[in-house]
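Okay, here's what each chain looks like letter by letter:
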Amino acid sequence: MAIIAHVDHGKTTLVDAMFRRSGLFREGQAVEERVMDRMDLERERGITIAAKNCAVRRKGVKINIIDTPGHADFGGEVERALSMADGALLLVDAAEGPLPQTRFVLTKTLEAGLKVIVVINKIDRKDARPGQVLDEVHDLFIDLDATEEQLEFPLLYAVGLQGIAKRELAAPDEDLDVLLDMIVEEIPPPVVHPERPFQMLVSDLGYSDYLGRLAIGKTYNQPLASSATLIRIDAEDATRPLKVNKLQVYEGLSISDTAMVEPGDIVVLSGIDEVHIGDTICTAESPRALRRITVDEPTVAMLFLRNTGPLAGREGTHVQATKLGERLKKETLSNVSLRVEPSADLEGFLVSGRGEFQMAILIETMRREGFEMCVGRPEVIYGTHGGVRTEPIERVYIDCGDAFTGVVTEKLSLRRGRLVGLINHGNGRARLEFSVPSRALIGFRDELLTDTRGTGIMNAYLEGYEPYRGDFPTRYTGSLVSDRSGAAVPYALFNLEPRGTIFISPGEAVYEGMIVGEHNRDGDLDVNPCKTKKLTNMRAAGRDDNVILTPPHVMTLEAAINFIRSDELVEITPKSLRIRKRTLKAVDRKRER
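What comes next concerns the included structure. Bear in mind the structure is a predicted one, so any value in this text is a computation, not a measurement. (Residues numbered from 1 in each chain as written. Predicted model: local features only at pLDDT ≥ 70, side-chain atom pairs only at ≥ 80, totals over all residues. Heavy atoms only, no water.)

### With respect to the packing of helix α4 (residues 100-111) against helix α5 (residues 130-143)
Here is step 1: For the pair α4 and α5, interaxial distance at closest approach is 10 Å and the crossing angle is 50 degrees. Relative to α5, the element α4 lies oblique. When the axes of α4 and α5 are compared, the crossing they make is right-handed. In this structure, α4 contributes Thr102, Arg103, Leu106 and Leu110 to the contact, and α5 contributes Leu140, Phe141 and Asp143.
Here is step 2: Looking at the contact of α4 with α5, its residues break down into four nonpolar, one polar and two charged. (Axes fitted to C-alpha atoms, helices over the stretch in contact; angles between N-to-C directions. Helix = DSSP H or I, 4+ residues; strand = E, 2+ residues; numbered from the N terminus. Parallel < 35°, antiparallel > 145°, perpendicular 65-115°, else oblique. Left-handed = near helix turned anticlockwise from the far one by under 90°. Contact = heavy atoms within 4.5 Å. Nonpolar A, V, L, I, M, F, W, Y, C, P; charged D, E, K, R; others polar.)

Spelled out as structure tokens, the structure:
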């Protein structure tokens, strides 16, 4: 079972409740919330980033559960997870209804021909509207050309946080036994063809310090014994022999050893030297490849370079370009939606993916591993059709207060967006629907939060490619660029405040070409943040006033990536974030202009 939904509709919380109901945890055992979110970044941000497997048992039936991400930038994880599933559990918030990522994951599920159980979650919310949401779900199925059989989906109402589920909205509350029973009754078991040979599609990779590389995937047709002789079929249909040290399957949150794997189960093969997601593992006697996992094309590319600044190597442990390239290549082994290739000047690497948020998560992960690097501004990947340049177009949904609909419409119209729908629920908030170029959304989320005073919610999904809609300004301000190296001085920063917004604190190390603030006007300005007050032997009539500085605007990683222009970079180390010009010396920048 793949559990699919939009961000924050309760997937991981519902999995927690299913664990408790299935008896996985003993009575009184202390268990963390969202136990499936094991990565530090997942717990800090409250989202699921990587799809993960677990298993529960109900009435003698083993149910493998795959918790999937809800953010559109991690769609590759959803496509990978669906390749292992026999059915899907679609969660929809009882107040928010189907949102863009709901459409994306449901499209992939219906294309795979999986049986879907719909769960309308969070029916205890004060603004819940389960009846209207059910109509919206039906409309979404029809809009996605679902078959008659898929339209007759089983339905449950639930409160995942409390472990409550029921078949009818007016019925008394029940526990999650009704959900587990519905999965056993409604989801078809794996299709087994005993006359065909054993096959396994590699859908995930892992690594163990004790067992080496792990290949994870669903098995087909025949049981697999630990003594079997296996081969691997790669993307070029070449076969290579495999030596498997151990067979393991999921039991609860952990994996356990087994001597035999039944067809349809998800198996973990350990000790394989080389394997890639999408490869087929089968017996040497009957080599036959399964259809490889296919994912949507990436829409955003970003340049990764080694840190070439004067402060390079002081805080990180991995600073060489070769180390950076090896780490990026390793990421592509487990993340099927990422692509890495050398940049045009061969000085760095061009990483292509689904969105700037996916890139930010990758950068933050590498930063915590001790890497130092510089990254450029995300750029959309253009296409061509009939000799005409095309660009990716997003369908954007913005939920905001009635008072902010005007400024949101104005800002997106300037970015070549088109308003295609407006729904007012009559509760003081409106939902606006736009068709917008993907390049217009880079950096727009922060601007939206400012314009709507922190109350705007934006969701989007890729709609397709259209002819290029034309240019538009992305930033109306310039940069305050340091013209020398040294330490920032309060006196200098105080006198720079009328020029713009300052990013650095007194005493912070700066160097020539480092951006220390945002200029109020268009165009860059070279400044001296190290200037001290000239002292003389003349006595002052009154003593000097203390300098009181405005607190600096501290950039987050996402904000810094969205702020920079094409000639600027973000310098990232395990301890610091700095914004700099790609060409550091002012003389060289002037020559380039």
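Let's pick the thread back up.
### Things to note about the pairing of strand β3 (residues 61-67)
Here is step 1: Judged by how many residues are buried, β3 sits mostly within the fold: five of seven residues are covered.
Here is step 2: Sheet topology note: the strand β1 (residues 2-4)/β3 ladder contains two bridges and is parallel. Its bridge partner being in β3, Ile3 is matched across the sheet by Asp67.
Here is step 3: By the bridge criterion, seven bridges tie strand β2 (residues 52-58) to β3 in an arrangement that is antiparallel. Residue pairing in the sheet places Asn53 in a bridge with Ile66 of β3.
Here is step 4: If you look at the hairpin formed by β2 and β3, you'll find two residues sitting between the two strands, and Lys59 has a positive phi there, around 55 degrees. (Buried < 20%, exposed > 50% of the residue type's maximum accessible area, 1.4 Å probe, protein only. Pairing = 2+ DSSP bridges.)

### Comments concerning the environment of Leu290
Here is step 1: By secondary structure assignment, the location of Leu290 is in the loop between β17 (280-283) and β18 (300-305).
Here is step 2: A relative accessible area of 21% means that Leu290 is categorised as partly exposed.
Here is step 3: Note: C-alpha distance between Leu290 and Lys323 (33 residues apart in sequence) is 34 Å.
Here is step 4: When near neighbours in sequence (up to four residues on either side) are disregarded, Leu290 contacts Gln199, Met200, Leu201, Tyr220 and Thr280.

### A closer look at the packing of aromatic side chains
Here is step 1: Evaluation of the coordinates by the stated rule reveals three aromatic pairs.
Here is step 2: Consider the rings of Phe141 and Phe153, whose centres lie 4.8 Å apart with planes at 35 degrees: the pair is tilted. Highlighted residues: Phe141 in helix α5 and Phe153 in the loop between α6 (148-151) and β6 (155-159), separated in sequence by 12 residues.
Here is step 3: Residue Phe141 is classed as buried on the basis of its relative accessible area of 0%.
Here is step 4: Seen in terms of ring centroids, Phe503 and Phe563 are 5.4 Å apart; in terms of plane orientation they differ by 85 degrees. Their pairing is edge-to-face. Placement of the pair is Phe503 in the loop between β30 (500-502) and β31 (509-510) and Phe563 in helix α13 (residues 557-563), with a sequence separation of 60 residues. Residue Phe503 shares its accessibility class with Phe563, and that shared class is buried.
Here is step 5: The side chain of Arg389 reaches across the aromatic face of Tyr468, ending 4.0 Å from its centre. (Phe/Tyr/Trp six-rings, centres within 6.5 Å; stacked < 30°, edge-to-face > 60°. Lys NZ or Arg CZ within 6 Å of the ring centre and 35° of its normal.)

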